[in-house]
Amino acid sequence: MNDDTTQGKRGEDKGAAEDGAAVFLERDALQTLLALLQSGGYRLVGPQVRDGAIVYETLGGAEQLPRGWHDEQAPGRYRLHYDPASPRLFAWANGPQALKPLVFAPRELLWEAHRDETGNLRFQDCLPSGERIAVIGVRACDLAALALQDAHFLEGPFPDAAYHRRRTGLFLVAVDCSHPAETCFCAATGDGPRVEAGKGAAWDLRLQELEAGFLVEAGSRAGAAYLARLPARAATEAERAAALAQAQAAVARQTRRLPAPGPSAGAPCHDAAGLAGALTARHDHPHWHDVAQRCLACGNCTAVCPTCFCAGDEEVPDLAGTASRHYRQWDSCFTAAHSYIHGIVIRAETRHRYRQWLTHKLDTWHAQYGRSGCVGCGRCITWCPAGIDLTAEAEALVP
Amino acid sequence: MNPRPPAAPRLRVAVHKFTSCDGCQLAFLNLGEQLLELAERVDLVHFAEAGPVDPDAAVDIAFVEGSISTPEEVERIGRIRRASRYLITLGACATAGGIQALRNFADGDAWLRSLYARPETIRSLATVTPIARHVKVDWELWGCPVSGRQVLAAITSLLAGVTPRAEEDKLCLACKRGQAVCVMVARGEPCMGPVTRTGCGALCPRFGRACYGCYGPAENVNTRSHSRCLAGLGLAPEAVRARYHFITSQAPAFLAAGNSAQDDVT
């Protein structure tokens, strides 16, 4: 999102090119775009290989992008492989995080309180700087998740000031996902693998990576302004056809899906009611006990989920007893503190916590935000140390 | 139930040592400037590692480092408890036995006889036990060593008249907040994070090493499933047992998990 788009509105497309208007950019010219964004005042954040995974961190230039890297994902397992012959920069599915930590900080100072000599308390807001960040290589699932985070943090009666400031500074360079992982199911949720105008959060530029380079199009006026300065040429029919075939193959590679009971069976589940009502109706299903035998209640699924937004608060007083800092940090429905209410932990057992996570994500989210809270990124499957697969658990509950 | 916090503004504090390596006292000392700031608000009446020595002083807060491994220590911890308003264990040894509690799984006498020229000069108990097996403990600080931040947080809470807040979430959440890549999922490392309480700032995983559980069990752990995960990564049942029976072996959840590891993974 940038200055030219309306904050918080999903898919609102200002000056976007039509799908057919994509131009072709040589792969080496991507650095030109990155340099332009940097000189335009953006800090670049993009995918890089670190500690055996593809993570989004500050990017110096295109040479740091994960050229030739591929991922292999399975329940509870993630590995990277390097192919020196591959020229591609984005031939992998998402790693553990992407946009969420940039807008919903894992831990942040919300306010400080100071006590003066007379005993009066003074409170002070502590907002983030409002830094402009250009994120390179955002996937469709994460754009869908960003739209949901926007709905939660910005579109309610009390917009979140810290989220808003971070969100407003984002410039999004999206890329179609050409290599979904074995754990991915964005095609089934209707959120990917293609980046499309009007679906998910608005993006500024969209890339489709081919063997020789990229098809590029703009999704905002700011995106169009950058695109106009790039050494691009009209895309050929063959390049368009290759991009389309690649997109179809990316869909065909996906095997997982969420159950879609009732009249909406077969439809992408957020277009219809999906599992709304289906899990609350199975509150006492014996399968909750079954999954709790395997669930570690570690909260990894919620931490990597790009739509999970729960936070806890912590007060950190100083030693002198004259000031205190109030922090907010990622919490999880798998912690005791999450359901602690005045002396009682409401969800003391793992089966209650897993039920809370799955029921909210796939069922009651519909009533709250108008669609499922799952965008099919598969992160909760890959990054669960016990390899619990939410599509399989949902299937067991709603066969 | 937690006791009522103290109302008096200037607290008397003691730091006692039992069977331990002194590392937790050093973690306390390493607070540096903050320790000087702390000295403005409390009286450190006994802290041998830092200077002041008055082991029998009556205090508001007694921090206790180390576990009970000798007859003399059994007697001394009782005296300290009687002279202290609040007793807080400091680190893995005091809270869950420490590395020396490994002798609980072996024949300690046989070790003595094989290692020492004159074993009859050594008076040690057959087993090593956490402080809470001997006296009432008001709050526990975990870790090998303890986190200085947590020590300060406990004292500032008591100074403010509120009960210290227990940090008992799984380490995984701290890893994810710190953007550390999961060593278990991405590298197949046998990490104890999913059953271990947070507090260390995910120190080991941030350096690519599997958590070895020095902060002891988190709340609501599923050790059976975790043991199976470790076995799935290639650990033999005995190696799974050894992960639980390590630095915090006397924590009930880890003691039981180690004892049942063989059954859990087969």
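The present account deals with the structure reproduced in this document. (Residues numbered from 1 in each chain as written. Chains lettered and ligands numbered in written order. Predicted model: local features only at pLDDT ≥ 70, side-chain atom pairs only at ≥ 80, totals over all residues. Heavy atoms only, no water.)

Our focus in this paragraph is the sheet that holds strand β13 (residues 311–317) of chain A. Residue and element names in this part refer to chain A. The strand order across the open sheet formed by 4 strands is β7-β6-β14-β13, and the pairing between neighbours is antiparallel. Among the strands making up the open sheet, the edge pair consists of β7 (121–125) and β13. For this sheet the average axis-to-axis angle between neighbouring strands, irrespective of direction, equals 20°. (Pairing = 2+ DSSP bridges. Helix = DSSP H or I, 4+ residues; strand = E, 2+ residues; numbered from the N terminus. Axes fitted to C-alpha atoms, helices over the stretch in contact; angles between N-to-C directions.)

Residues and elements named next belong to chain A. Burial runs low along β7: only 0 of the 5 residues are buried. With 5 bridges joining them, strand β6 (residues 107–115) and β7 adopt antiparallel strand pairing. Looking at β7, one finds that Glu112 is bridged to Gln124. What sits between β6 and β7 in their antiparallel hairpin is a turn of 5 residues, with Gly119 showing a positive phi close to 90°. (Buried < 20%, exposed > 50% of the residue type's maximum accessible area, 1.4 Å probe, protein only.)

Right, let's talk about the packing of aromatic side chains for a bit. With the rule as written, the count across this model stands at 22 aromatic pairs over all chains. Site record: aromatic cluster; members linked through ring pairs are Tyr56, Phe90, Trp92 and Phe214 of chain A. Its guanidinium or amino end placed over the ring of Phe18 of chain B, Arg76 of chain B lies 4.0 Å from that ring's centre, counting from NZ or CZ. If you follow Arg241 of chain B out to its NZ or CZ, it ends over the ring of Phe105 of chain B, 5.9 Å from the centre. (Phe/Tyr/Trp six-rings, centres within 6.5 Å; stacked < 30°, edge-to-face > 60°. Lys NZ or Arg CZ within 6 Å of the ring centre and 35° of its normal.)

Let us look at the interface of chain A and chain B. Counting residues at the interface gives 45 residues for chain A, matched by 30 residues for chain B. Of the roughly 2900 Å² buried at the junction of chain A and chain B (both faces included), carbon and sulfur atoms supply 55%. It is Leu296, Leu319 and Trp383 of chain A in chain A that bury the most area against chain B; as a group they hold 24% of the surface buried on that side. Inspection of the chain A/chain B interface yields 2 salt bridges. Between Arg353 of chain A and Glu219 of chain B there is a salt bridge, and its shortest N-O distance comes to 2.8 Å. For the pair chain A and chain B, the interface holds 16 residue pairs in polar contact (both at pLDDT 80 or more). Elements with a minimum of two residues in the side of chain A that touches chain B: β3 (53–58), β5 (77–82), α8 (287–294), α9 (300–304), β13, β14 (323–330) and α10 (350–369) of chain A. (Contact = heavy atoms within 4.5 Å. Buried area = accessible area lost by both parts, 1.4 Å probe. Salt bridge = Lys/Arg side-chain N within 4 Å of Asp/Glu carboxyl O. Polar contact = N/O pair within 3.5 Å; in protein donor to acceptor, adjacent residues only side chain to side chain.)

Glancing now at a nonpolar patch on the surface. Residue and element names in this part refer to chain A. The grouping of Ile341, Ile344 and Ile346 at the surface amounts to a nonpolar patch, some 300 Å² of accessible area in total. Within the secondary structure, Ile346 is located in the loop between β16 (344–345) and α10. Under the relative-accessibility criterion, Ile346 is labelled partly exposed at 49%. (Patch = residues over 30% accessible without salt bridge, like charges linked within 9 Å, V, L, I, M, F, W, Y side chains within 5 Å. Areas by Shrake-Rupley, 256 points an atom, 1.4 Å probe, with all protein chains shown as cover.)

A few words now on the sheet that holds strand β2 (residues 43–50) of chain A. Residue and element names in this part refer to chain A. Taken together, the 8 strands give an open sheet; going across it, the order is β3-β2-β8-β9-β10-β11-β1-β12, and neighbouring strands pair in mixed fashion. Each edge of the open sheet is held by one strand with a lone partner, namely β3 and β12 (233–234). Judged from the 6 bridges that link them, β2 and β3 form a sheet pairing that is antiparallel. Along β3, the bridge assignment pairs Arg50 with Ala53. Helix α6 (residues 221–228) rests against β1 (23–26), β9 (170–175), β10 (205–209) and β11 (213–218) of the sheet, and its axis sits at about 135° to β11.

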